[in-house]
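Analysis of the macromolecular model
Spelled out, the chains give:
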Amino acid sequence: MNKIKYSFIVIITVLSIISCSKKDDDEVVVTPTKPYDEQYAIDSANIEEYLKTNYITVDADYNVTFSKITDPATQPSIWSYQENTGFPKLLYREVQVHEIVYKLYYLVIREGVGENPMNVDGVLASYSGDYLTSTTTDNVLTQTTTHFETVLYPNSFMDLYGTIRGWKEVFPQFKAGNYVSNEDGTVSYDNYGVGAMFIPSGLGYYTGNGGIPAYTPLIFSFKLYSISRMDHEYSILNQTVVPDPDGVLSMHEDIDGDGYVWTASELNEGVVNPDDTDGDGVPDFLDKDDDGDNYTTKLEIKNPATGEPYPFDQIPTCDSGKKNYLDATCHP
Ligand SMILES: [Ca+2]
Ligand SMILES: [Ca+2]
Ligand SMILES: [Ca+2]
Ligand SMILES: [Ca+2]
């Protein structure tokens, strides 16, 4: 799990586009990373080749296995599900970042029946991850997948805000399942969303992470059991991050209502963050004073009957999809 999850402090402060190696005691050699557009062209071709030459099998528990096609008559390629009216269905999202447009393919095996997470919500999900390597020798392309992580029984919600862009884009396309309380005291889920995603390296770990090499596309299968709405603002006390939420759920800090809660680094250079009301570089979902009037948002949520700010634990909640903000009424 920790390969995927990394501290949100790190994500705020570190978006390194260079890698450094130390040559001797006083000289640091800076190696520029590969241009995103060049690497994406390679990744895109390799991912599409993989989709055309592999098929899936899904067992009774919705575990997904990917295999190389050996008999095209009985093993429909993943690519062939693009035209499927039922499921599985191969779809893609266009993701605009790094000055290019990525095609992010994902396979819907089952949609799920609950609520969709936003890109700033927590997900309770099992998953299995591989990275894809493609080498060409004598004009023959060989593709290999290497397994790097499995989480079968997740025991906590993973905050999508702290994950790779591919996850932030694909998980919100799926719905959670139903919570089932079993007679023996255990808990399970049914009718949860099941899918797979095929992530270009620019939307994954571009320059590598742990055992995952640089410039490798990632392939995940997953099951989305449950989601958790989050409220992200924090303070730093004695160099420690302390949660300091403002009572407005992060999903409701999607100010322009485009379905994605943006941080500046996720946008193309020069694009104004539509989810940063005061334009100070801190998006509303991390900003304790959204409008920059030096009065904290938390205290601006007033009870219309009394005109007084609500005590924090009494701020009313709104139905899903609506926003409780400033005047304590629920906005679409
Ligand atoms: Ca908030
Ligand atoms: Ca938005
Ligand atoms: Ca701000
Ligand atoms: Ca304010």
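Let me sum up the structure you'll find in this document. A quick note: this is a predicted structure, and the numbers were derived from the prediction, not measured. (Residues numbered from 1 in each chain as written. Chains lettered and ligands numbered in written order. Predicted model: local features only at pLDDT ≥ 70, side-chain atom pairs only at ≥ 80, totals over all residues. Heavy atoms only, no water.)

**Considerations on the coordination of the calcium ion (ligand 2)**
On the protein side, the calcium ion (ligand 2) has Asp 254 (OD), Asp 256 (OD), Asp 258 (OD), Tyr 260 (O), Asp 275 (OD) and Asp 275 (OD) as donor atoms, found 2.2 to 2.7 Å from it. The site at the calcium ion (ligand 2) holds six donor atoms, and with the angles between them running 51 to 162°, its shape is irregular. Each donor residue of the calcium ion (ligand 2) lies on the same chain, and together they follow the pattern D-x1-D-x1-D-x1-Y-x14-D. Comparing Asp 254 with Tyr 260 shows no difference in burial state: the two are buried. (Donors = N, O, S within 2.8 Å, 3.2 Å for Na, K, Ca; no water. Tetrahedral: all angles 85-135°; square planar, octahedral: opposite > 155°, others 65-115°. Buried < 20%, exposed > 50% of the residue type's maximum accessible area, 1.4 Å probe, protein only.)

**Observations concerning the coordination of the calcium ion (ligand 3)**
For a metal with four tetrahedral donors the ideal donor-metal-donor angle is 109.5 degrees, while six octahedral donors give ideal angles of 90 or 180 degrees. Distances from the calcium ion (ligand 3) to its protein donors, Asp 276 (OD), Asp 278 (OD), Asp 280 (OD), Val 282 (O) and Asp 287 (OD), fall within 2.3 Å. Along the chain, the residues donating to the calcium ion (ligand 3) fall in the pattern D-x1-D-x1-D-x1-V-x4-D.

**Re helix 2 (residues 36–53)**
Here helix 2 is 18 residues long and its end C-alpha atoms lie 25 Å apart, about the 26 Å a rise of 1.5 Å per residue gives. Inspection of helix 2 places Gln 39, Tyr 40, Asp 43, Ser 44, Asn 46, Ile 47, Glu 48, Tyr 50 and Leu 51 among the buried residues, and these make up the whole buried set. (Helix = DSSP H or I, 4+ residues; strand = E, 2+ residues; numbered from the N terminus. Expected span 1.5 Å × (residues − 1).)

**Considerations on the side chain of Gln 143**
As for its position among the elements, Gln 143 is in strand 8 (residues 140–151). Given a relative accessible area of 12%, Gln 143 falls into the buried group. Within the structure, Gln 143 has its side chain in polar contact with the backbone nitrogen of Tyr 50 (distance 3.4 Å). Only 3.0 Å separates the side chain of Gln 143 from the side chain of Ser 134, close enough to count as a polar contact. Those residues in contact with Gln 143, other than ones at most four positions away along the chain, are Asn 46, Glu 49, Tyr 50, Thr 53, Lys 68, Leu 132, Thr 133 and Ser 134. (Polar contact = N/O pair within 3.5 Å; in protein donor to acceptor, adjacent residues only side chain to side chain. Contact = heavy atoms within 4.5 Å.)

**Focus: the packing of aromatic side chains**
Summed over the entire model, instances satisfying the criterion amount to 23 aromatic pairs. A centroid spacing of 4.8 Å and a plane angle of 70° characterise the contact between Tyr 40 and Tyr 102, whose relative ring orientation is edge-to-face. One end of the pair, Tyr 40, is in helix 2; the other, Tyr 102, is in strand 6 (residues 100–110), and 62 residues separate them in sequence. In terms of burial, Tyr 40 and Tyr 102 fall into one category: buried. Ring plane angle 80° and centroid distance 6.4 Å describe the contact between Tyr 62 and Tyr 192, whose orientation is recorded as edge-to-face. With Tyr 62 in the loop between strand 3 (54–58) and strand 4 (64–68) and Tyr 192 in the loop between strand 11 (187–190) and strand 12 (193–199), this pair connects stretches of sequence that are 130 residues apart. By relative accessible area, Tyr 62 is classed as partly exposed at 27%. In this structure, Lys 34 packs its charged tip against the face of Tyr 215, placed 4.7 Å from the ring centre. A cation over an aromatic ring shows up here: Lys 103 above the ring of Tyr 92, its NZ or CZ 4.4 Å from the ring centre. (Phe/Tyr/Trp six-rings, centres within 6.5 Å; stacked < 30°, edge-to-face > 60°. Lys NZ or Arg CZ within 6 Å of the ring centre and 35° of its normal.)

**A look at the side chain of Asp 276**
By the element assignment, Asp 276 lies in the loop between strand 15 (240–243) and helix 4 (297–300). The class for Asp 276 is buried, based on a relative accessible area of 9%. A polar contact is formed between the side chain of Asp 276 and the backbone nitrogen of Asp 280, at a distance of 3.2 Å. If we skip the residues at most four places from it in the chain, Asp 276 touches Gly 281, Val 282, Pro 283 and Asp 284.

**A word on the nonpolar core**
Counting 32 residues, the largest nonpolar core has Trp 167, Phe 171, Met 197, Ile 199, Leu 218 and Phe 220 as its most contacted members. Elements supplying a minimum of two residues to this core: strand 5 (89–97), strand 6, strand 7 (122–137), strand 8, helix 3 (165–170), strand 12 and strand 13 (218–228). Counting 19 residues, the second-largest nonpolar core is a separate cluster that includes Tyr 81, Tyr 105, Leu 124 and Leu 132. (Core = buried A, V, L, I, M, F, W, Y, C linked by side-chain atoms within 4.5 Å.)

**Concerning the pairing of strand 5**
Here strand 5 pairs with strand 6 via nine bridges, running antiparallel. Looking across to strand 6, one finds that Lys 89 is bridged to Val 108. (Pairing = 2+ DSSP bridges.)

**A few points about the pattern of salt bridges**
One side chain can pair with another of opposite charge once the charged atoms of both are near each other. Under the criterion given, the structure shown has seven salt bridges. A salt bridge links Asp 121 to Arg 229, with the nearest nitrogen and oxygen atoms 2.4 Å apart. Of this pair, Asp 121 sits in the loop between strand 6 and strand 7 while Arg 229 sits in the loop between strand 13 and strand 14 (234–237), placing them 108 residues apart in sequence. Judged by relative accessible area, which is 0%, Asp 121 ranks as buried. Here the salt bridges do not stand alone but share partners, grouping Arg 93, Arg 165 and Glu 169 into one network. (Salt bridge = Lys/Arg side-chain N within 4 Å of Asp/Glu carboxyl O.)

**Overview of unusual backbone geometry**
Residue Phe 87 is joined to Pro 88 through a cis peptide bond whose omega torsion reads 0°. One non-glycine residue, Asn 191, adopts positive backbone phi at about 55°. Position of Asn 191 among the secondary structure elements: in the loop between strand 11 and strand 12. One non-glycine residue, Gln 239, lies in positive phi territory at about 60°.

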